[in-house]
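# An overview of the molecular structure
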There are 2 protein chains.
Amino acid sequence: MDVQECRRRFSGARHAYLATAGDDRWPHLVPVVFALRDECVVLVVDNKPKRTAALRRLRNVRENPQIALLVDHYDDDWARLWWVRADARAEIVDGGRQHADGVALLQRKYDQYVVDAPTGPVIRAAVVRWSGWSARPPGD
Amino acid sequence: MDVQECRRRFSGARHAYLATAGDDRWPHLVPVVFALRDECVVLVVDNKPKRTAALRRLRNVRENPQIALLVDHYDDDWARLWWVRADARAEIVDGGRQHADGVALLQRKYDQYVVDAPTGPVIRAAVVRWSGWSARPPGD
């Protein structure tokens, strides 16, 4: 799958999976909503009820900015499987214009964030590598 | 979400996400099919066309057996979101009775593996911690 097709499929997804790995080397994995602009993926820690441990994603990013984000399509017909992964370098933005820009970008994609604007830290992740796999060629 | 509910939801899922992290500390993330027996998650590298790089999951497990597996339900109604994560210690089984047992377990869940028996390495992962999150209480 070429980079353009990876970007198209990733951008079109409503949610993704975020993997981070801090100093304890235990990978942490959570579903996330996100927006993609150019080669930057934007996430935010929102206001849904979470246990404190859920912030492990932030600690991990501070300890190790290397992250992976995955979008996929599962189907019991395995001829229809595909996935796209973005390996990226992340940074945490706690406030200021970059935070407001990130929230605004997410609000354009998710009405839920318009109703209840997220106030937690934004994660901005610069994609350094796209990978994709499809059981069948694009357009097949 | 209690451990019993985590196990129930995880076990019922048709696919999951696997995060591994090797010496380069770049988390690797792929969708997988799996079976759960007792506190052991079983996966196999199957015969679908894959680039060599896809075997990074095996190299990572050899370098660092700490892995995470995630099952989730996404819905544009965020009141219906939930996920379950299993943190586990993985080992790779290349052959012998444990390999045959793992493949047999997967074949009971996936007809596709009966038609086309996977011959690649089996990953056996002993769950050390269940975590779960649901936007609404179970049964709500």
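Above this text sits the structure in question.
Residues numbered from 1 in each chain as written. Chains lettered and ligands numbered in written order. Predicted model: local features only at pLDDT ≥ 70, side-chain atom pairs only at ≥ 80, totals over all residues. Heavy atoms only, no water.

## Quick look at the overall build of chain A
Using the following cut-off: Numbering goes from the N terminus for both helices and strands, where a helix is a DSSP run of H or I of at least four residues and a strand is a run of E of at least two. Note that the radius of gyration is over C-alpha atoms, with the globule rule given as 2.2 Å times the number of residues to the power 0.38.
Each helix and strand in chain A was counted, giving four helices and seven strands. Its helices and strands taken in sequence order, chain A reads α-β-β-β-β-α-β-β-α-α-β from the N to the C terminus. The C-alpha atoms of chain A give a radius of gyration of 15 Å, which matches the 14 Å a tight globule of 140 residues would have. Taken along its principal axes, the extent of the C-alpha atoms in chain A is 45 × 35 × 25 Å.

## Brief notes about the sheet that holds strand 5 (residues 66-73) of chain A
All names here are of chain A. What counts here: Pairing between two strands is assigned when DSSP locates at least 2 bridges connecting them. Geometry is summarised by axes, namely lines fitted to C-alpha atoms with helices restricted to the contacting stretch, and by angles between N-to-C directions that run from 0 to 180 degrees. It only takes one pair of heavy atoms within 4.5 Å for two residues to be counted as in contact.
If you walk across this open sheet you meet the seven strands as 2-1-5-6-7-4-3, and the pairing is antiparallel. Edge positions in the sheet fall to strand 2 (28-32) and strand 3 (35-37), since each has one partner strand and no second. This sheet shows a mean twist of 30 degrees between the axes of neighbouring strands, independent of strand direction. Here five bridges tie strand 4 (residues 40-44) to strand 7 (residues 122-134), and the two strands are oriented antiparallel to one another. Bridge pairing in strand 7 links L43 to I123. Helix 1 (residues 3-12) rests against strand 3, strand 4, strand 5, strand 6 (82-93) and strand 7 of the sheet, and its axis sits at about 120 degrees to strand 7.

## Re the pairing of strand 6 (residues 82-93) of chain B
Residues and elements named next belong to chain B. Heads up, the rule is: Per-residue accessibility, obtained with a 1.4 Å probe over protein chains only, is compared with the maximum for each type, and a residue is labelled buried under 20%, exposed over 50%, and partly exposed between these values.
Among the 12 residues of strand 6, 10 are classified as buried, and the element is accordingly described as predominantly covered. Pairing geometry for strand 5 (residues 66-73) and strand 6, over eight bridges, is antiparallel. From the neighbouring strand, I67 faces strand 6, where its bridge partner is A88. Taken together, the 12 bridges between strand 6 and strand 7 (residues 122-134) define a ladder with antiparallel strand orientation.

## With respect to the relation of the copies chain A and chain B
Mapping between the two copies of the chain is achieved by a rotation about an axis and a shift along the axis. How we decide: Least-squares superposition aligns the copies on the C-alpha atoms of those residues with pLDDT at or above 70 in both.
Under the fitted operation, chain A is carried onto chain B by 0.0 Å of movement along the axis and a turn of 180 degrees, and the coordinates agree to an RMSD of 0.0 Å. The superposition of one copy onto the other is thereby described by a two-fold rotation axis. Here 100% of the interface residues in chain A have copies in chain B that are interface residues too; the copies meet face to matching face.

## Here we look at the side chain of H99 of chain A
Relative to the elements of secondary structure, H99 of chain A occurs in helix 3 (residues 96-109). Ignoring any residue separated from it by four or fewer positions in sequence, one finds H99 of chain A in contact with V93, D94, P118, T119, G120, P121 and V122 of chain A.

## Quick look at the pattern of salt bridges
Residues and elements named next belong to chain B. The line we're drawing: The salt bridge definition used is simple: a Lys or Arg side-chain nitrogen within 4 Å of an Asp or Glu carboxyl oxygen.
Scanning all chains against the criterion turns up 18 salt bridges over all chains. Across the salt bridge formed by E5 and R8, the nearest N and O atoms sit 2.8 Å from each other. Here E5 pairs with R8, and both are found in helix 1 (residues 3-12), just three residues apart, close to one helical turn. The class of R8 is exposed, set by a relative accessible area of 55%. The salt bridge partner of D77 is R80, with a shortest N-O separation of 3.5 Å.

## A short note on the packing of aromatic side chains
We count it as follows: Working definition: a ring pair exists when centres of Phe, Tyr or Trp rings (six-membered ring for Trp) sit within 6.5 Å. Plane angles under 30 degrees give stacked, over 60 give edge-to-face, the rest tilted. Only lysine NZ and arginine CZ atoms are considered, and such an atom sits over a ring when it is within 6 Å of the ring centre and within 35 degrees of the ring normal.
Using the criterion set out here, one finds 11 aromatic pairs over all chains in the structure. Their ring planes at 75 degrees and their centres at 5.1 Å tell us that W78 of chain A and Y113 of chain B sit as a pair that is edge-to-face. Of this pair, W78 of chain A sits in the loop between strand 5 and strand 6 while Y113 of chain B sits in helix 4 (residues 112-115), each in a different chain. The exposure class assigned to W78 of chain A is buried, which follows from its relative accessible area of 11%. Aromatic rings pair up to connect F10, F34 and W130 of chain A into one cluster. Cation over ring: K109 of chain A sits above F34 of chain A, and NZ or CZ is 3.8 Å from the ring centre.

## What to know about the sheet that holds strand 1 (residues 16-20) of chain B
All names here are of chain B. Across the sheet, seven strands lie side by side as 2-1-5-6-7-4-3; this open sheet has antiparallel pairing. Since the sheet does not close on itself, it has two edges, and those belong to strand 2 (28-32) and strand 3 (35-37), each with one partner. The sheet shows a mean angle of 30 degrees between the axes of neighbouring strands, taken without regard to direction. Sitting on the sheet, helix 1 touches strand 3, strand 4 (40-44), strand 5, strand 6 and strand 7, and the angle it makes with strand 7 is about 120 degrees.

## Some words on the interface of chain A and chain B
Size of an interface, as often reported, equals the accessible area lost when the parts are brought together. Inclusion rule: By buried area we mean the combined loss of accessible area, with a 1.4 Å probe, across both parts when two parts are placed together. Classification convention: Asp, Glu, Lys, Arg as charged; Ala, Val, Leu, Ile, Met, Phe, Trp, Tyr, Cys, Pro as nonpolar; all other residues, Gly among them, as polar.
Listed per partner, the contact involves 48 residues of chain A and 48 residues of chain B. A combined buried area of about 4,100 Å² lies between chain A and chain B, and 61% of that area is made up of carbon and sulfur atoms. By the criterion of area lost to chain B, the three top residues of chain A are R25, W26 and W78 of chain A, representing 21% of everything that side buries. The interface formed by chain A and chain B includes four salt bridges. Going through the elements one at a time, strand 1 (16-20), strand 2, helix 2 (56-63), strand 5, strand 6, helix 4 (112-115) and strand 7 of chain A are the ones with two or more residues in the side of chain A that touches chain B. Looking at which element gives the most residues to the side of chain A that touches chain B, the answer is strand 5 of chain A, with six residues. Residues that form the side of chain A that touches chain B fall into these classes: 24 nonpolar, eight polar and 16 charged.

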